[in-house]
Amino acid sequence: MTIFEIKMPKLGESITEGTIVSWSVKVGDTIKEDDVLFEVNTAKVSAEIPSPVSGKIVRVFFKEGDVVPIGTVVATVDMDGENLAGESEHVDLKEEEVSGSESTNVLSENSRKEVEDSRWYSPVVLQIAQEAKIPNDELNRIKGTGYLGRLSKKDINEYIERKRKGVSESAPAIEAKTEIRENVAEQKQTPVLVSSEDEVRPMDYVRRLIADHMVMSKKVSPHVTSVIEIDVTKLVQWREKNKEAFFRKENVKLTFMPVIVEAAAKALAEYPLVNSSVDGYNIILKKRVNIGIAVSLHDGNLIVPVVHDVDHLNLNGLAVTIDMLATKARENKLQPGDIEGGTFTITNFGTFKSLFGTPIINQPQVAILGVGYIEKKPAVIETPDGDVIAIRHKMYLSLSYDHRVIDGALGGQFLRRVGDILENWN
């Protein structure tokens, strides 16, 4: 009997646990690879978890409603498909464990250890890794292209081929991230005096994730922020003229955000360094333009769903996609793919009538665009007959960027390009 352990997968950055909402299988069921095993809910997403292998369900260690840490074994599968009679549907992991004498497990000892990213590996991938003498820590660093980042046979074979040719994956960034996490955890704060009149309110799960992520970003990236004011009168007039017809056609309100996203995408194509990440002393220029848009939730927390391949969408497609993602975010229905893969982020301070802000970079990106409130202002306008004062719609844009790779000149040029597109919108 060959036993494969199904573990609680990692469903996004900083997620440490998930709640099992429902099981789609029970002990004794025969399953195929990619059959749905259970549905899990986290603070950020809900997802159906498929099986990485085919076989028969041997044990189920948790029931519906249980909160399970990432990387914990939730079920076991007999890949030989033997019929095991007398197994109870739910078994306490501490009382009954799979005995080594009961099974001949083809997986290596290293593959049974807990891994940092809690990734699933198929037996084929593990066998190839074992034959190539790839240790577990190196295996965890290989980027996967499968579901939820799962490592496929093609991924590991391509990695081995690159390694054979002398093109190795860089590790300094991973080590740096680990060191940063440890430093954040160990950082001591100045003691806070609490009086009897004060209310002590613990952070909820999402707020703790946001707090850790923000502190980490400030420690990783030397932040610089540039600000410009732009005249968006043409854009405001265009929206006013087209918003009713747009709603009748798409059944979606026409906001300024799709236009801002399109402008950012065009500027990113012209200044690709802003659409990058830093890995040690390497700069990774991203070929895809995936823009995350910060969404404020009803509980006061924030999440950043991602519009993928923005440069391949027209304005209508952007408006519909942004509206759909915002709705899913507020209804807690985002899937893992909806929040992963972002290369650049936009946050809208103007929603709360703030003129501008200095946003914190969403790691591992290198820049974030802040959008301010649009307000009417008297402004000097140049005309053929001379300067005149007129009422114009003005807006501030701010760009926070990682000074390790983006200097003031590049940050200013990129921001000015976004502004020019918006000022001359037609």
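Please read these numbers as outputs of a predicted model, since none were measured by experiment. The residue numbering used here restarts from 1 in each chain and proceeds along that chain's sequence as written. Since the coordinates come from a predicted model, pLDDT governs what is reported: local features require at least 70, and pairs of side-chain atoms require 80 or more to be given and counted, while whole-chain, interface and lining totals use all residues. Think of the side-chain values as coming from all heavy atoms in the structure, minus any hydrogens and water.

With respect to the nonpolar core
As a reminder of what qualifies: By convention a nonpolar core is built from buried Ala, Val, Leu, Ile, Met, Phe, Trp, Tyr and Cys residues, the set being connected through side-chain atoms within 4.5 Å. Exposed residues in this analysis have more than 50% of their type's maximum accessible area, buried residues have under 20%, and partly exposed residues fall in between, with area computed by a 1.4 Å probe over protein chains only. Comment: elements are numbered from the N terminus, with helices defined as DSSP H or I runs of at least four residues and strands as E runs of at least two. Contacts are residue-level and defined by heavy atoms, with any inter-residue pair within 4.5 Å sufficient.
Of all hydrophobic cores here, the largest spans 56 residues; its most connected members are Val261, Ile291, Phe344, Ile346, Leu369, Leu397 and Leu422. Among the elements that make up this core, the one with the highest residue count is helix α8 (residues 257-270) (nine residues). The residues touching Ile291, leaving out its near neighbours within four places in the chain, are Val261, Ala264, Ala265, Leu268, Pro305, Val306, Val307, Val310, Phe344 and Ile346. One finds Ile15, Phe38, Val68 and Ala75 within the second-largest nonpolar core, a separate group that totals 28 residues.

Points about the confidence of the model for the protein
Where we set the bar: Confidence of the predictor in every single residue is expressed as pLDDT, which spans 0 to 100.
Residues of the protein with pLDDT of at least 70 account for 81%, and the chain-wide mean is 82. Segment residues 82-118: pLDDT under 50, and 64 contacts once partners within four positions in sequence are set aside and those in other chains are kept. For residues 169-180, every residue scores under 50 in pLDDT, and the model assigns this stretch 12 contacts once sequence neighbours within four places are set aside.

Brief notes about the sheet that holds strand β3 (residues 30-31)
Within a beta sheet, neighbouring strands are joined by backbone hydrogen bonds and run either parallel or antiparallel to one another. Stated precisely, the cut-off is as follows: At least two bridges found by DSSP between two strands are what make those strands a pair.
Spatially, the four strands line up as an open sheet ordered β1-β8-β6-β3, and their pairing is antiparallel. Each having just a single partner strand, β1 (3-7) and β3 make up the two edges of the open sheet. As paired strands, β1 and strand β8 (residues 73-78) are joined by five bridges and run antiparallel to one another. Opposite Lys7, over in β8, you have Val73 as the bridge partner.

Looking at the environment of Asp80
Position of Asp80 relative to the elements: it lies in the loop between β8 and α1 (109-112). Overall, Asp80 belongs to the partly exposed group, its relative accessible area being 46%. With 79 residues separating them in the primary sequence, Asp80 and Met1 have C-alpha atoms 5.8 Å apart. For Asp80, the contacting residues outside a window of four places in its chain are Met1 and Thr2.

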